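Fold and geometry: a report
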Amino acid sequence: MRMEQVSANCFAVLNEKNLVCDANSGLINLGGGVVIDTQSDLPHGRQMIKLFGKVWRDMPRRVINTHEDGDHVWGNQLFEGAEIIAHRRVKELMPHVADPKETQQLIKGSDRFLTRLLLKALHPGALAIAQQLKQDYDFDGIRLVLPTTVFEERHVLDLDGTEVHLIYVGPCHQIGDTIIHVPKEKVVFAGDVIFRECTPMGWNGTYEKWLKVLDLIISLDPEVIVPGHGPVCGIEGAMEMKAYLEYVREESKRCFGQGLSALEASKKIDFGPYGGWKAPARLFMNVERAYREFRNEATDAPWDHAKVFDAVLAVAKAKGITVEF
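Notes on the structure in this doc start here. Bear in mind the structure is a predicted one, so any value in this text is a computation, not a measurement. (Residues numbered from 1 in each chain as written. Predicted model: local features only at pLDDT ≥ 70, side-chain atom pairs only at ≥ 80, totals over all residues. Heavy atoms only, no water.)

What to know about the overall build of the protein
Where we set the bar: Think of it this way: any DSSP run of H or I at least four residues long counts as a helix, any run of E at least two long counts as a strand, and we number them from the N terminus. The quantity called the radius of gyration is restricted to C-alpha atoms. Its globule counterpart is 2.2 Å times the number of residues to the power 0.38. Exposure categories follow from relative accessible area, calculated using a 1.4 Å probe and restricted to protein chains: below 20% of the type maximum is buried, above 50% is exposed, and the middle band is partly exposed. We call two residues contacting when some pair of their heavy atoms lies within 4.5 Å. Using the Shrake-Rupley algorithm and a 1.4 Å probe, accessible areas are obtained, with residue cover drawn only from the displayed protein chains. His is not counted here, nor are the chain ends, while Lys and Arg score as positive and Asp and Glu score as negative. Taken as the charge location is NZ of Lys, CZ of Arg, CG of Asp or CD of Glu.
Scanning the protein from N- to C-terminus turns up 11 helices and 12 strands. For 325 residues, the compact-globule formula gives about 20 Å, and the C-alpha radius of gyration of the protein, at 19 Å, lands near that figure. When the backbone C-alpha atoms are referred to their principal axes, the protein occupies close to 55 × 45 × 30 Å. Every one of the 325 residues in the protein was classed for burial, and the buried ones make up 58%. At a minimum sequence separation of 6, the contacts of the protein that also span at least 24 residues come to 67%. Of the roughly 13,600 Å² that the protein leaves accessible, carbon and sulfur atoms contribute 50%. Between the centroid of the 38 positive side chains of the protein and the centroid of its 45 negative side chains there is a distance of 4 Å.

And the structure:
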């Protein structure tokens, strides 16, 4: 992890491996301090606090959660007494989407001989992601702490005369997606609306909505975008995300018309210029998401996580690359 100053009063903490759970956090160092997203586990959360502590005077008064995924909210408990702000749906969904028990059980199961053998036989992708996560993360001790302040469409903070705009844009990557715009400093904290130099993962929403949100971010004309994952960028990061989503949607449509399954299509579709991004085999998720739209399925239809991880592993093997999640 490292900290990067992105404007006069805005900072980012970046996880440089840029794999699953390697989420970024932000700091607006005004008005008592605002932290944006709180990391995937308590050790990373504490390391983030240590890094931001180089510039803030006291623990921040406010926390913003950009959406409901665990890798953005599991450090909330480290900010005792802070106002935690998020969209209304984030508070509603966190107990279901961000319950740490599923991840804790997967990690512990992968350490037990018989469970590991069972996972290897039934869900090798789940075993592979567990082995990857164990290298860097410790999910013990996480206590889910929910937002204390919720909003609907927009919420404005006044930090020592600097306005900060919280804009609800979900469902896009997730249902509760929120971007944070600091107009005076020309900074956008984009959450997982933007993945930078790594393959995006979309759980809810539509391609159309995601593309419109990327257009919105571009229209805000920021000088700096802090993505949910990956290095800091300018509007070129949003443009690259648009190009990737448009490419995958078009290729998926072609394969769908040929009667291929989402997995068959994912094995066939060329990574194109995005093969150098981290975790390229996540392509399966984006193809399956497109297929759901083509089949007119609900945009919030549940995912079988174990089967998703198995499919990502199968795509990596078919492409002859080392699997990354």
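From this point, the narrative continues.
Notes on the side chain of Asn18
For clarity, the cut-off: For this analysis, a polar contact is any N or O atom pair within 3.5 Å, provided that within protein one partner can donate a hydrogen and the other can accept it, and provided that sequence-adjacent residues contribute only side-chain to side-chain pairs.
The residue Asn18 is located in the loop between β2 (10-14) and β3 (25-28) in this model. Among the residues examined, Asn18 registers a relative accessible area of 5% and is labelled buried. From its side chain, Asn18 meets the backbone oxygen of Arg196 in a polar contact 3.0 Å long. Sequence-distant contacts of Asn18, defined by excluding residues within four places in its chain, comprise Arg196, Glu197, Cys198, His229, Gly230, Pro231 and Lys278.

Some details on the sheet that holds strand β11 (residues 187-195)
Which entries qualify depends on this criterion: By this definition, two strands are paired if DSSP reports at least two bridges between them. Whenever a helix is involved, its axis is fitted only over the stretch in contact; in every case the axis is a line through C-alpha atoms, and angles between N-to-C directions fall within 0 to 180 degrees.
Pairing is mixed in the open sheet, where five strands are placed in the order β8-β9-β10-β11-β12. The sheet is open, and its two edges are formed by β8 (154-159) and β12 (224-229), each paired on a single side. Strand-to-strand twist of the sheet, defined as the mean angle between neighbouring strand axes without regard to direction, takes the value 25°. As paired strands, β11 and β12 are joined by five bridges and run parallel to one another. Paired with Val188 across the bridge in β12 is Ile225. Running at roughly 160° to β11, helix α7 (residues 207-219) makes contact with β9 (162-168), β10 (178-182), β11 and β12 of the sheet.

So, the packing of aromatic side chains
The line we're drawing: Put simply, two rings from Phe, Tyr or Trp (the six-membered ring, in Trp's case) pair if the centres are within 6.5 Å, and we call them stacked under 30 degrees between planes, edge-to-face over 60, tilted for the rest. Over a ring means this: the NZ of a Lys or the CZ of an Arg is within 6 Å of the ring centre and within 35 degrees of the ring normal.
Using the criterion set out here, one finds 12 aromatic pairs in the structure. On the basis of an interplanar angle of 85° and a centroid distance of 5.0 Å, the ring pair of Phe256 and Tyr291 is categorised as edge-to-face. You can see Phe256 sitting in helix α8 (residues 235-257) and its partner Tyr291 sitting in helix α10 (residues 283-294), a full 35 residues away along the chain. Taking relative accessible area as the criterion, Tyr291 reaches 2% and is therefore assigned buried. Linked through ring pairs, Tyr244, Tyr247, Tyr274 and Trp277 together constitute an aromatic cluster. Over the aromatic face of Tyr207 sits the side chain of Arg289, whose NZ or CZ is 6.0 Å from the ring centroid. Note that Lys319 overlies the ring of Phe271, its terminal NZ or CZ placed 4.8 Å from the centroid.

Here we look at the layout of surface pockets
As a reminder, the rule being used: Two kinds of site are reported from a 1 Å grid over the protein atoms alone, namely cavities, where a 1.4 Å probe fits but cannot get out, and pockets, open sets with protein on both sides within 12 Å along at least five of seven lines, and residues are called lining when an atom falls within 4 Å of a point. Grid points are joined across faces, edges and corners, and a volume is the space filled by probe spheres set on the points. Residues are grouped as follows: Ala, Val, Leu, Ile, Met, Phe, Trp, Tyr, Cys and Pro are nonpolar; Asp, Glu, Lys and Arg are charged; every other residue, Gly included, is polar.
Looking at the largest pocket, its volume works out to about 980 Å³. As for the largest pocket, its lining consists of 42 residues, of which Val97, Glu102, Trp203, His305 and Phe309 are closest to the centre. Counting only elements with at least two residues in the lining of the largest pocket, the list comes to α2 (70-73), α3 (88-97), α4 (101-111), α5 (113-122), α6 (124-134), β11 and α11 (305-319). If one sorts the elements of the lining of the largest pocket by residue count, α4 sits on top with five residues. Residue composition of the lining of the largest pocket, grouped by class: 21 nonpolar, 12 polar and nine charged. Ala128, Gln131, Leu313, Val323 and Phe325 are, among the 13 residues lining the second largest pocket, the residues nearest its centre. Every element with two or more residues in the lining of the second largest pocket is listed here: α6 and α11. Here the lining of the second largest pocket gets five residues from one element, more than from any other, and that element is α6.

Some details on the environment of Val13
Tracing the backbone shows Val13 in strand β2. On the basis of relative accessible area, Val13 is assigned to the buried category, the value being 0%.

What to know about the packing of α8 against α10
What counts here: Angles below 35 degrees are treated as roughly parallel, those above 145 as roughly antiparallel, those between 65 and 115 as roughly perpendicular, and all remaining angles as oblique. Left-handed describes a crossing whose near helix is turned anticlockwise from the far helix through less than a right angle; right-handed describes the clockwise counterpart.
For the pair α8 and α10, the least separation of the axes is 9 Å and the interaxial angle reads 60°. When the interaxial angle is binned, α8 and α10 end up oblique. Of the two possible hands of crossing, α8 and α10 adopt the one that is right-handed. Contacts between α8 and α10 involve Tyr244, Val248, Arg249, Ser252, Lys253, Cys255 and Phe256 from the former and Leu283, Asn286, Val287, Ala290, Tyr291 and Phe294 from the latter. Each residue belonging to the contact of α8 with α10 can be placed in one class, and the counts come to nine nonpolar, two polar and two charged.

Details of the side chain of Asn286
Among the secondary structure elements, Asn286 is positioned in helix α10. Within polar-contact distance, the side chain of Asn286 engages the side chain of Tyr244 at 3.2 Å. If we ignore the near neighbours within four places in the chain, the residues touching Asn286 are Thr199, Pro200, Met201, Gly202, Tyr207, Tyr244 and Val248.

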